[in-house]
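# Observations on the model geometry
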Amino acid sequence: MKELQDKYPQEIEDILAKYPPDQKRSAVMPLLFLAQREDGYIRDEALTEIGRILNIERTEVATLVGFYTLYYSEKEGKYRIQVCTDVCCALRGAEEFLEQLCQALGIRPGETTADGLVTVEEVKCLGACDKAPMFQVQTGEGFAYHEEQTLESALELIDSWRTEENDEEGS
Amino acid sequence: MTDYILLRHRDIPDIGQLDVYREHGGFNSFKKAVTSMDRTEVTEIVKASGLRGRGGAGFPTGLKWSFMDDNNWPHYVVANADESEPGTFKDREIMEGNPLQFLEGVMIAAYAVDAHTAYIYLRGEYWHIGDLLDEKLAELRKAGLLGEGLFGTDYALDLHTHLGAGAYICGEETALLESLEGKRGFPRLRPPFPPSYGLYGKPTVVNNVETLANVPLILKNGAQWYQDLGTEDTAGVKVFSLSGRVKKPGNYEMRFGSTLRELIYERGGGILDDAEIKAIMPAGASSSVLKATDDVLDTPVDHASMRALGSDLGSGSIIVLDETVSMDWVIKKTINFFNHESCGKCTPCREGNHWMKYLTESIHAGALDDGKVNLLYEVASNMQGKCLCALGEFSTMAVKTSIDRFPDDFKVEE
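Our subject in this report is the structure included herewith. (Residues numbered from 1 in each chain as written. Chains lettered and ligands numbered in written order. Predicted model: local features only at pLDDT ≥ 70, side-chain atom pairs only at ≥ 80, totals over all residues.)

## Remarks on the overall build of chain B
When helices and strands are counted, chain B shows 18 helices and nine strands. Here the C-alpha radius of gyration of chain B, 22 Å, is about what a compact globule of 414 residues would show, namely 22 Å. With respect to the principal axes defined by its C-alpha atoms, chain B has extents near 80 × 45 × 35 Å. Intrachain contacts of chain B at a sequence separation of at least 6 include 70% that bridge at least 24 residues. (Helix = DSSP H or I, 4+ residues; strand = E, 2+ residues; numbered from the N terminus. Rg over C-alpha atoms; globule rule 2.2 N^0.38 Å. Contact = placed C-beta atoms within 7 Å.)

Here's what the structure looks like:
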């Protein structure tokens, strides 16, 4: 399998160029983000391929997926809404916000909506303590911060994703 | 104009653009260093300025640079942009608003320690900042400020961004280096410290973003100028992240020696709903919690004064708690954080936080009468001095100081 190498040759070259030629292992984290780009999780085959690109054991790649919270080995919602409920955000209403959001979506924290669009997760400090309630949205493409949120603004955002999905299906 | 030193984008909105930054003297310091200064001279100025690390430990920056082992090459500089302490969001604003001053600081540090490669390790969640910095780095290469033969000398330098993937522990400098090497973020036993054994086993300076952002102006205006801005103990200015139960949370750049009253009441607008202030956590979740007495509020803030009060300044993330907040809830939250973020490498931190989580949750749920508070205090005490890195050590601080200083919050109601 050389799915990643076929799909992202330029990206892989650019990533490897950042590190000394004898320290290729440093590229493992950016390569894992790359492997997660399309489906929002990392397939088993990608672990093997990354290991081969970097000349390290597959296990050494897999262990990072377990250690770092932003890598996933299973498919969840296309959009992961990650609400910070650490102490500073909780002092400004984040726990109530999370509860209302989950209630409105009919799921509990950690669960995914039935249409597979949204997963809501409770996460640790995101460095936006002055703008609570806030969440980041993680997709395969990366992250986006949404700060000073209300239930209404969050639901509006989710609606915009739904519209986008429907448009894509319709076209 | 308020003459910001770090948050200069608040005075000059477009300072993040290369032409605007250069109009305001940007990269003159780097150029001056590379073309006319000896490496040790640069380090000496930073040393004389009294600049101390802004990531939490407050270690003298120039001294750290002077520790680089000149018998082992190559040298590296790594900027710690893994900002993850609950209550800290200053590096983010510096990098978003004034990215070139930060990058110039990295470049000057690299020159000072004769490094030709520097990495910027960003927490993965700061993805957008990674994109922004990549853009800036491309511009700098194009402008001849990065690359080979800089300013006609034989000095070559390049910078690269590297994203973490969600692990607070990687803010600890040796865990960060492990992570940058492509491994799990497990802290190393220290010594040896990074200036003798760092990235890939080579001498490495690891500096916080805010620390580095100070350097260009120190080189421009001189060590004495910077010394004069702060106190005898801690020179210069600090970006304080203010959060919690205040009316205007946010980043505030102030000189060392300013008071918490100034920060919380004058800049931060006072307490939400004009409630009574109760406690202050000056170092995020890692704080020793201070009772918000008049004495505490009126103390000129620097590293030494916070220690004298029985706390620590850390990275200057001030979390304000008011009368509506009970300390048993606060430590339940902080321990939930530390338990989640403990890397698991050393037993005292891994097991200690697991048990502290169980105990703080039980206590918050009302189990106050069966010795759990004493047991919690004992677990925290037994962890101290035994953890491999600061995460475990500091996880106990809020627990013990809350029980010591706010005993009423842990008593059975009569």
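Moving on, there is more to tell.
## Structural notes on the pairing of strand 2 (residues 115–122) of chain B
Residues and elements named next belong to chain B. With seven of its eight residues buried, strand 2 lies for the most part within the structure. When strand 1 (residues 75–81) meets strand 2, the two strands line up parallel, connected through seven bridges. Directly across from Val-77, in strand 2, lies its bridge partner Ala-118. Taken together, the six bridges between strand 2 and strand 3 (residues 158–163) define a ladder with parallel strand orientation. (Buried ≥ 20, exposed ≤ 12 C-beta atoms within 10 Å, placed from the backbone. Pairing = 2+ DSSP bridges.)

## Some details on the interface of chain B and chain A
Across the contact, 37 residues belong to chain B and 31 residues belong to chain A. Broken down by secondary-structure element, the contributors of at least two residues to the side of chain B that touches chain A are strand 3, strand 5 (237–244) and helix 14 (327–341) of chain B. Here the element with the most residues in the side of chain B that touches chain A is helix 14 of chain B; it accounts for six residues. Taken together, the residues that form the side of chain B that touches chain A break down as 15 nonpolar, 14 polar and eight charged. (Nonpolar A, V, L, I, M, F, W, Y, C, P; charged D, E, K, R; others polar.)

## Topic: helix 16 (residues 372–383) of chain B
Residues and elements named next belong to chain B. Given a rise of 1.5 Å per residue, twelve residues ought to cover 16 Å, and the 17 Å separating the end C-alpha atoms of helix 16 matches this to within 8%. Within helix 16, the full set of buried residues consists of Val-373, Leu-376, Val-379, Ala-380 and Met-383. All buried residues of helix 16 fall inside an arc of 125 degrees around its axis, so they share one side. Turned more than 90 degrees off the buried face of helix 16, the exposed positions are Asn-374 and Ser-381. In this structure, the buried side of helix 16 is in contact with helix 15 (347–364), helix 17 (390–395) and helix 18 (397–405). One or two steps after helix 16, the chain reaches Gly-385, where phi turns positive at roughly 80 degrees. (Expected span 1.5 Å × (residues − 1). Arc of directions from axis to C-beta.)

## Notes on the sheet that holds strand 5 of chain B
Residues and elements named next belong to chain B. Across the sheet, five strands lie side by side as 6-5-9-7-8; this open sheet has mixed pairing. Lying at the two open borders of the sheet, with one neighbouring strand each, are strand 6 (250–255) and strand 8 (290–291). Bridging between strand 7 (residues 277–281) and strand 8 involves two bridges; their strand directions are antiparallel. Directly across from Ile-280, in strand 8, lies its bridge partner Leu-290.

## A word on the packing of helix 3 (residues 39–49) of chain B against helix 9 (residues 209–221) of chain B
A pair of packed helices can be characterised by two numbers: the angle between their axes and the separation between those axes. All names here are of chain B. Where helix 3 contacts helix 9, the axes come no closer than 10 Å and their chain directions differ by 100 degrees. Overall, the two elements helix 3 and helix 9 adopt an arrangement that is roughly perpendicular. Contact with helix 3, carried on its side by Ile-45, Val-46 and Ser-49, involves Val-215, Ile-218 and Leu-219 of helix 9 and no other residues of that element. Here the contact of helix 3 with helix 9 is built from residues that sort into five nonpolar, one polar and no charged. (Axes fitted to C-alpha atoms, helices over the stretch in contact; angles between N-to-C directions. Parallel < 35°, antiparallel > 145°, perpendicular 65-115°, else oblique.)

## Regarding helix 3 of chain B
Residues and elements named next belong to chain B. When we look at burial in helix 3, the residues that qualify are Val-42, Thr-43, Ile-45, Val-46 and Ser-49. On an axial view of helix 3, the arc spanned by its buried residues comes to 155 degrees, and they lie on one face. Along helix 3, exposed side chains directed more than 90 degrees from the buried face belong to Thr-40 and Glu-41. Where helix 3 ends, the next residue or the one after it, Gly-50, has phi of about 80 degrees, a positive value.

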